[in-house]
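# Examining the three-dimensional arrangement
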Amino acid sequence: MSDLRGHSPRRYVVDVSGRRVLVGLTLEETSEFEGLDASLPALGGEAHGAELMPSAVEGRWVELYDKHDKAWIKWKADLRAGQEGNSSFFN
């Protein structure tokens, strides 16, 4: 599995309730993602017996990261198109 951490900045926004969340994620998902992110060991330069299949924790981390990343891409496109007021990413 590729280590995506550190390759893309975290993209936080303030939701409608004034809480800091990752774009596209709820407060609960943001908290879960941060916990998972902190619990995963960083991948080193060498893969000593690396697993081909991600663990359940890694799989959930990827699921949340993917949801956030897709929402970020759409949100940035909406900003460029001048539609930021119509964004559905503020939970």
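Structure shown above.
A quick note: this is a predicted structure, and the numbers were derived from the prediction, not measured. (Residues numbered from 1 in each chain as written. Predicted model: local features only at pLDDT ≥ 70, side-chain atom pairs only at ≥ 80, totals over all residues. Heavy atoms only, no water.)

### Looking at the overall build of the chain
Counting its secondary structure elements, the chain contains two helices and two strands. Reading the helices (α) and strands (β) of the chain from amino to carboxyl end gives β-β-α-α. For the chain, the proportion of its 91 residues judged to be buried stands at 26%. At a minimum sequence separation of 6, the contacts of the chain that also span at least 24 residues come to 61%. (Helix = DSSP H or I, 4+ residues; strand = E, 2+ residues; numbered from the N terminus. Buried < 20%, exposed > 50% of the residue type's maximum accessible area, 1.4 Å probe, protein only. Contact = heavy atoms within 4.5 Å.)

### A closer look at the pattern of salt bridges
Tallied over the entire structure, the rule returns seven salt bridges. Taking the shortest distance from any N to any O, the salt bridge between Arg-19 and Asp-15 comes out at 3.0 Å. Overall, the relative accessible area of 5% leaves Asp-15 in the buried class. Between Lys-74 and Asp-78 there is a salt bridge, and its shortest N-O distance comes to 3.1 Å. (Salt bridge = Lys/Arg side-chain N within 4 Å of Asp/Glu carboxyl O.)

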